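Each chain, written out:
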Amino acid sequence: MAETRIIHGFHAVTARIRQHADSVLELYVDTQRHDPRVRDLLKLAETNGVRVVPVDGKRLDGMAGNTRHQGVAARVDAAQKVVHLDDVLDTLTEPALLLVLDGVQDPHNLGACLRSADAFGVHAVIAPKDRAVGLNATVEKVACGAAETVPYITVTNLARTLRELKERDIWVVGADSEADDNLNNFYHSDALAIVLGAEGEGLRRLTRETCDQLVSIPMRGTVGSLNVSVSAGILLYEARSQRVEVPVYGARGLGD
């Protein structure tokens, strides 16, 4: 029998049915909801051949772990890739650690970033749909399996997604070689999204302005900047290590 898990909320459930209906084994809907949003969801489920199971609110509470489910949940094939960011964030049992790539176009860089993301326990890699390489055979080969283990989520509007992360109390930190702050004086062990820019261009203006904070990687040599995948590895290692061992000086993040 296939391993399954529960997702909940209109956004996550609707996105899963639209993009990967064959992974949705059952849709559970609160019997007390009869509004247009539910009717639209039921119609979508019928169109895609998804089995609908009417349930009471108490059972939905149990499925969703007493978190906000909006009266809908779905049992999905756990082997299928996550297709929406909410699907990741709503099921975490630790503070989020996200890697955001603002327009990386080299498949080798993306593959290497995915490998680092897998190595340091990143919960999802986020990238814009446009002006980015996306997953392809080269990326998957370079990633050495990480493309299958780390959710890769594309979004239509990156700045808006960053604002949504901030609304969830996720601290958004952009990597910028010209930033005044650097990793020597940065500490943040709570939910964190690390944002890296494209090769050569770095962060786009709107992305930079949306970040809560910008940090640089201290450099001792003559090279002015690092490859995006190398930077990802350094920043993710620092983020993960801070969660394992709190510095003795006990300082909080600069954005706290």
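Please refer to the structure placed before this passage.
Here the structure is a predicted model, which means the values were calculated and not measured. (Residues numbered from 1 in each chain as written. Predicted model: local features only at pLDDT ≥ 70, side-chain atom pairs only at ≥ 80, totals over all residues. Heavy atoms only, no water.)

(A) Inspection of the packing of helix 5 (residues 107-119) against helix 10 (residues 228-244) at higher detail. At a minimum axis distance of 8 Å, the contact between helix 5 and helix 10 shows a crossing angle of 10°. Viewed along their axes, helix 5 and helix 10 adopt a mutual orientation that is roughly parallel. Contacts between helix 5 and helix 10 involve Asn-109, Ala-112, Cys-113, Ser-116 and Ala-117 from the first element and Val-228, Ser-229, Ala-232, Gly-233 and Leu-236 from the second. Residue composition of the contact of helix 5 with helix 10, by class: six nonpolar, four polar and no charged. (Axes fitted to C-alpha atoms, helices over the stretch in contact; angles between N-to-C directions. Helix = DSSP H or I, 4+ residues; strand = E, 2+ residues; numbered from the N terminus. Parallel < 35°, antiparallel > 145°, perpendicular 65-115°, else oblique. Contact = heavy atoms within 4.5 Å. Nonpolar A, V, L, I, M, F, W, Y, C, P; charged D, E, K, R; others polar.)

(B) Just the sheet that holds strand 1 (residues 4-8), in detail. Strand order in the open sheet made by the four strands is 1-4-2-3, with mixed pairing throughout. Each edge of the sheet is formed by a strand with only one pairing partner; in this case those strands are strand 1 and strand 3 (52-55). The mean inter-strand angle of the sheet, taken between neighbouring strand axes irrespective of direction, is 25°. Relative to strand 4 (residues 72-77), strand 1 runs antiparallel, the two being bridged by five bridges. (Pairing = 2+ DSSP bridges.)

(C) Main features of the pattern of salt bridges. Overall, the coordinates contain eleven salt bridges when judged by the stated rule. A salt bridge links Arg-168 to Asp-90; the shortest N-O distance between them is 3.0 Å. Of the two residues, Arg-168 is situated in the loop between helix 8 (158-167) and strand 8 (171-175) and Asp-90 in the loop between helix 4 (85-89) and strand 5 (97-102); the sequence distance between them amounts to 78 residues. The class for Asp-90 is partly exposed, based on a relative accessible area of 32%. Two residues, Asp-212 and Lys-166, come together in a salt bridge whose shortest N-O distance is 3.6 Å. With Asp-212 in the loop between helix 9 (205-210) and strand 11 (213-216) and Lys-166 in helix 8, the pair connects residues that are 46 residues apart, well separated along the chain. Each of Glu-26, Arg-51 and Arg-75 takes part in salt bridges that share partners, so that together they form one network. (Salt bridge = Lys/Arg side-chain N within 4 Å of Asp/Glu carboxyl O. Buried < 20%, exposed > 50% of the residue type's maximum accessible area, 1.4 Å probe, protein only.)

(D) Structural view of the pairing of strand 4. The element strand 4 is largely enclosed, with a buried count of five among its six residues. Two strands pair when backbone bridges link them, and strand 2 (residues 24-30) and strand 4 are joined in this way by five bridges, in the antiparallel orientation. Paired with Val-29 across the two strands is Val-72, which belongs to strand 4.

(E) Layout of the environment of Glu-3. Mapped onto the fold, Glu-3 is located in the segment before strand 1. The spacing of Glu-3 and Val-76 is 73 residues in sequence and 8.6 Å in space, taken between C-alpha atoms.

What is shown is where atoms sit, not what they do.
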